[in-house]
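What the coordinates show
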Amino acid sequence: QVQLVESGGGLVQAGGSLRLSCVASGRTFSSYAMGWFRQAPGKEREFVAVISWSGGYTTYADSVKGRFTISRDNAKNTVYLQMNSLKPEDTAVYYCAARAGLWALESYKYTYWGQGTQVTVSS
């Protein structure tokens with residue numbers, strides 16, 4: 001069982017930055033691929049970024065590539081999402097998710113989810 005708690009969301013002006021954190025409970029964090037997803041009002045949840053269990057592989061949605069960076073610190077059971085050059089269309093609730101083994105882009109492949117953190121970008 002893994003519990004995930006996100007933090008770091010908030011209100012920021014367009015062009016600004018935020019760093020989201022997701023702390024995981026459990027002793028097997030390093031064996032989980034970690035993903036970030038987001039859901040805007042009236043829209044489906046969408047993939048943002050994923051990092052492999054070792055941190056050696058990352059991939060991003062085209063909409064955030066070059067602006068967002070995912071990283072992890074297995075010693076701290078934490079995954080991060082650094083978000084730069086934020087745009088109003090980045091406004092959403094951001095969720096971190098964990099799945100054992102290989103990384104994946106599809107949300108349904110993730111077993112554990114956090115409660116989400118709100119990110120609001122004003123124009």
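For the structure itself, consult the block above.
Rules of the game
Residues numbered from 1 in each chain as written. Predicted model: local features only at pLDDT ≥ 70, side-chain atom pairs only at ≥ 80, totals over all residues. Heavy atoms only, no water. Buried < 20%, exposed > 50% of the residue type's maximum accessible area, 1.4 Å probe, protein only. Helix = DSSP H or I, 4+ residues; strand = E, 2+ residues; numbered from the N terminus. Pairing = 2+ DSSP bridges. Disulfide = S-S within 2.5 Å. Core = buried A, V, L, I, M, F, W, Y, C linked by side-chain atoms within 4.5 Å. Contact = heavy atoms within 4.5 Å. Axes fitted to C-alpha atoms, helices over the stretch in contact; angles between N-to-C directions.

Quick word on the pairing of strand β8 (residues 78-83)
Burial runs high along β8: five of the six residues are buried. Pairing analysis gives six bridges linking strand β3 (residues 18-24) to β8, with the strands arranged antiparallel. Paired with leucine 18 across the bridge in β8 is methionine 83. For strand β7 (residues 68-73) and β8, the ladder comprises six bridges, and the chain directions are antiparallel. Bridge pairing links isoleucine 70 to leucine 81 in β8.

Let's talk about the state of the cysteines
Applying the stated criterion across every chain, the model contains one disulfide. Put simply, cysteine 22 and cysteine 96 are joined by a disulfide, and their sulfur atoms are 1.9 Å apart. The chirality of the disulfide connecting cysteine 22 with cysteine 96 is right-handed, given an S-S dihedral of about 50 degrees. Pair noted here: cysteine 22 is in strand β3 and cysteine 96 is in strand β9 (residues 92-100), with a separation of 74 residues, a long-range link.

Comments concerning the nonpolar core
With 37 residues, the main nonpolar core has Leu4, Met34, Trp36, Leu81, Met83 and Tyr94 as its most contacted residues. Elements with a contribution of two residues or more to this core: β3, β4 (32-39), β5 (46-51), β7, β8, β9 and β11 (117-122). Excluding anything up to four places from it in sequence, methionine 83 contacts Gly16, Ser17, Leu18, Leu20, Arg67, Phe68, Tyr94 and Val119.

So, the environment of glycine 35
Its place among the elements puts glycine 35 in strand β4. Counting along the chain gives 16 residues from glycine 35 to isoleucine 51, while the straight-line C-alpha distance between them is 6.4 Å.

Details of the sheet that holds β7
Taken in spatial order, the four strands of this open sheet run β1-β3-β8-β7, and their pairing is antiparallel. The strands lining the two open edges of the sheet, one partner per strand, are β1 (4-7) and β7. Strand after strand, the sheet turns through a mean of 15 degrees between neighbouring axes, direction not considered. Taken together, the four bridges between β1 and β3 define a ladder with antiparallel strand orientation. Bridging from a neighbouring strand, glutamate 6 pairs with cysteine 22 of β3.

Quick word on the pairing of β7
Going residue by residue along β7, you find Phe68, Ile70 and Arg72 tucked away on one face and Thr69, Ser71 and Asp73 left uncovered on the opposite face. What sits between β7 and β8 in their antiparallel hairpin is a turn of four residues, with asparagine 77 showing a positive phi close to 55 degrees.

Here's the deal with unusual backbone geometry
Backbone geometry follows two general trends: most residues other than glycine have a negative phi, and most peptide bonds adopt the trans configuration. Positive phi, normally seen in glycine, also occurs at asparagine 77, with a value near 55 degrees. Inspection of the secondary structure assignment puts asparagine 77 in the loop between β7 and β8. The class for asparagine 77 is buried, based on a relative accessible area of 18%. Non-glycine residue serine 85 carries a positive phi angle of around 50 degrees. Counting through the fold element by element, serine 85 comes out in the loop between β8 and β9. By relative accessible area, serine 85 is classed as partly exposed at 41%.

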